[in-house]
Amino acid sequence: MEALFHRTALGTELAARLLRPGVLDEQLRSGLFLSGLRRTGKTTFLRNDLIPALEEAGAVVIYVDLWSDPTANPAGLVNRAVVKALKELQTPKSKIRQKLKKIGKADVAAFGFSFALTIDHVGTDQGPTLAEALTEVVDHAKADVVLIVDEVQHAITTEDGERMLLALKSARDAINPRPNTPGHFIFVGTGSHRAHVRELSTRRNQAFTGATSQDYPVLGRDYVEYLLRRLSEEAIKNPLPSVDAVIEAFETLGHRPEQLLHALSLLNNQLPEGGEPDSYLTVIAATLRSSAVDDELRKVEQVGPIGLAIFRFVASANGDTKGVYGSEAQSEYDHALGRRVRPEEIQQAVNELLASNIIMRSGHGVYGITDQFLKTVWRERNNVPPETFS
Ligand SMILES: Nc1ncnc2c1ncn2[C@@H]1O[C@H](COP(=O)(O)OP(=O)(O)O)[C@@H](O)[C@H]1O
Ligand SMILES: [Mg+2]
């Protein structure tokens, strides 16, 4: 049995809703945002289930992960992904062309773009806009074009990124309202930070106001049952825990497959003769939940005591905070270090925390903890009450 648990039905269903929306799903054409915690299988689902389902249904899919290179400019990454897709479309023997040919839609003989000469500069001053380029793709391919941007919240951290989102919105507005459009432009964004992803579709000045924002459906019972089936086939020496106990452990571990596998392997190694697997698993999961964030906390420690003080301030805030450089924060830093902390030291530590992706900027002077799970567990450990969301 394959290690990967396919979520075929979920992929097919979502693809159908995106490409052939019913009355109630019509606004998915304005954009769909899925948010869910890190390491819960979003990228895996996109790559293995959603994209194949979309392509199966005849769409041209362009995928880009803004975390593939956290230091790269998000707009540049999106432009590059679009250029790559355009070039594949121009290549007669490419996979994408073969697929389009099979469904008999594309104008297969002639697939020249009017901007062929400046194709490398799509989305920049020297080339066509994203709207122009994507319009031609829809018209030539006579297909829907789905652009999937993974970890899209990264785009709101820079002005370039914001401009890119606006450019995508204009592409949508240029293509979709045409009465006889041969296809639609559909934007899907996913992200690991719910509040930030939500903001993309709710904040007034954001490109995708009115788009739909949903929680990524986490893996559940069917995944756990699949795992236990695999384990039982492997003739593990110890008795296996019950489905319900594994589901509970999976929840404790924030629905993260890697953490669950880790817990199950610890259980297999540590369960004493005649031990009761369910109760052992519960204890292991609780311990792992807490230690799962140790690697991240070590990165904070490496930044030094000022980094720790800043982390403490940001992690204690309800939601994101503007006060990192404010007087309240300053007195906490001073208190933690037992001396006056200088602004340039704070600046330096903030930059290091940003560079290691521990905190992220979500607007001018606004910071939050990147990983919500880290924030939640840190608060549990430090007796800070859970966040309340209004
Ligand atoms: N459907 C699945 N079946 C098996 N393993 C999975 C599945 N989805 C995710 N995983 C595992 O969980 C880990 C995190 O998945 P990933 O897709 O990178 O999460 P995210 O994009 O949400 O951060 C990876 O190691 C991946 O192999
Ligand atoms: Mg991912």
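The structure we're discussing is the one just above.
Below is a summary of the structure that appears in this document.

Basis of the calculations
- Residues numbered from 1 in each chain as written.
- Chains lettered and ligands numbered in written order.
- Predicted model: local features only at pLDDT ≥ 70, side-chain atom pairs only at ≥ 80, totals over all residues.
- Heavy atoms only, no water.
- Near = heavy atom within 4 Å.
- Polar contact = N/O pair within 3.5 Å; in protein donor to acceptor, adjacent residues only side chain to side chain.
- Areas by Shrake-Rupley, 256 points an atom, 1.4 Å probe, with all protein chains shown as cover.
- Helix = DSSP H or I, 4+ residues; strand = E, 2+ residues; numbered from the N terminus.
- Nonpolar A, V, L, I, M, F, W, Y, C, P; charged D, E, K, R; others polar.
- Core = buried A, V, L, I, M, F, W, Y, C linked by side-chain atoms within 4.5 Å.
- Buried < 20%, exposed > 50% of the residue type's maximum accessible area, 1.4 Å probe, protein only.
- Contact = heavy atoms within 4.5 Å.
- Pairing = 2+ DSSP bridges.
- Salt bridge = Lys/Arg side-chain N within 4 Å of Asp/Glu carboxyl O.
- Axes fitted to C-alpha atoms, helices over the stretch in contact; angles between N-to-C directions.
- Expected span 1.5 Å × (residues − 1).
- Arc of directions from axis to C-beta.
- Phe/Tyr/Trp six-rings, centres within 6.5 Å; stacked < 30°, edge-to-face > 60°.

Here the focus is the site of ligand 1. Residues in contact with ligand 1 amount to 15 residues; listed here are only the nearest, F5, R39, K42, T43 and T44. A distance of 2.5 Å separates an oxygen atom of ligand 1 from a polar side-chain atom of T44. Here ligand 1 loses 82% of its free accessible area of 550 Å² to cover by the protein chains. Elements that contribute at least two residues to the shell around ligand 1 include exactly α2 (42-56) and α10 (257-270). Counting residues per element, the shell around ligand 1 draws most heavily on α2, which supplies three residues. Of the residues assigned to the shell around ligand 1, the class counts are seven nonpolar, four polar and four charged.

Further remarks concern the nonpolar core. With 48 residues, the main nonpolar core has L86, L134, L147, L165, L168 and F187 as its most contacted residues. Elements with a contribution of two residues or more to this core: β2 (60-65), α3 (74-90), α4 (95-102), α5 (130-141), β3 (145-150), α6 (159-175), β4 (185-191) and α7 (194-202). Here this core takes nine residues from α3, the largest share from any one element. Once residues lying within four places of it in the same chain are set aside, the contact partners of F187 are G31, L32, F33, L147, V149, V152, L165, L168 and F208. Counting 43 residues, the second-largest nonpolar core is a separate cluster that includes F5, A15, V146 and L219.

With respect to burial, strand β6 (residues 359-363) is a largely interior element, four of its five residues being buried. Judged from the four bridges that link them, β6 and strand β7 (residues 366-369) form a sheet pairing that is antiparallel. Within the sheet, the bridge partner assigned to I359 lies in β7 and is I369. Connecting β6 to the next strand, β7, in antiparallel fashion are two residues, including G365 with a positive phi near 70°.

Quick look at the pattern of salt bridges now. Applying the stated criterion across every chain yields a total of 25 salt bridges. Of the charged contacts, one joins E13 and R17 as a salt bridge, the two residues approaching to 3.9 Å between their closest N and O atoms. Of this pair, E13 and R17 both sit in helix α1 (residues 8-19), four residues apart, which is roughly one turn of the helix. Judged by relative accessible area, E13 falls into the partly exposed class, the value being 45%. Between D173 and K169 there is a salt bridge, and its shortest N-O distance comes to 3.3 Å. Separated by four residues within a single helix, D173 and K169 lie in helix α6, roughly one turn from each other. Through salt bridges that share partners, R38, R256, E296, K299 and D371 make up one connected network.

Okay, the sheet that holds β4 next. Within the open sheet, the five strands sit side by side as β2-β3-β4-β1-β5. Their pairing is parallel. The open sheet is flanked by β2 and β5 (212-215), the only strands paired with a single partner. On average, adjacent strands in this sheet sit at an angle of 15° to one another, irrespective of strand direction. Pairing geometry for β3 and β4, over six bridges, is parallel. Bridge pairing links V145 to F185 in β4. The strands that α3 touches are β2 and β3; relative to β2, the one it contacts most, it runs at about 150°. Taken strand by strand, α5 contacts β2, β3 and β4, and its axis lies near 135° from that of β3.

So, on to helix α15 (residues 343-355). The α-helix winds at 3.6 residues per turn, so residues separated by three or four positions along the chain end up facing the same way. Its 13 residues place the ends of α15 18 Å apart at the C-alpha level, agreeing with the 18 Å of an ideal helix rising 1.5 Å per residue. Every buried residue of α15 is accounted for by E345, I346, A349, V350 and L353. Considered in projection along α15, the buried side chains sweep an arc of 135° and stay on one side of the axis. Facing away from the buried side of α15 by more than 90 degrees, the exposed set consists of P343 and A355. Tucked inside the fold, the buried residues of α15 contact α12 (294-303), α13 (305-316), α14 (327-337), β6 and β7.

To continue, consider α10. Its 14 residues place the ends of α10 20 Å apart at the C-alpha level, agreeing with the 20 Å of an ideal helix rising 1.5 Å per residue. Burial in α10 covers these residues: P257, Q259, L260, A263, L264, L267 and N268. Packing partners of the buried residues in α10 comprise α8 (221-233), α9 (243-252) and α11 (277-291).

Per the stated rule, a full pass over the model turns up nine aromatic pairs. Seen in terms of ring centroids, Y223 and F250 are 5.5 Å apart; in terms of plane orientation they differ by 40°. Their pairing is tilted. Taken together, the residues span a long stretch of sequence, with Y223 in helix α8 and F250 in helix α9 at a distance of 27 residues. Centroid distance F311 to W378: 5.7 Å. Interplanar angle 85°. Geometry classified as edge-to-face. A residue pair is termed long-range when its members are at least 10 positions apart, and F311 in helix α13 and W378 in helix α16 (residues 372-381) qualify at 67 residues. We note that F311, like W378, is buried.

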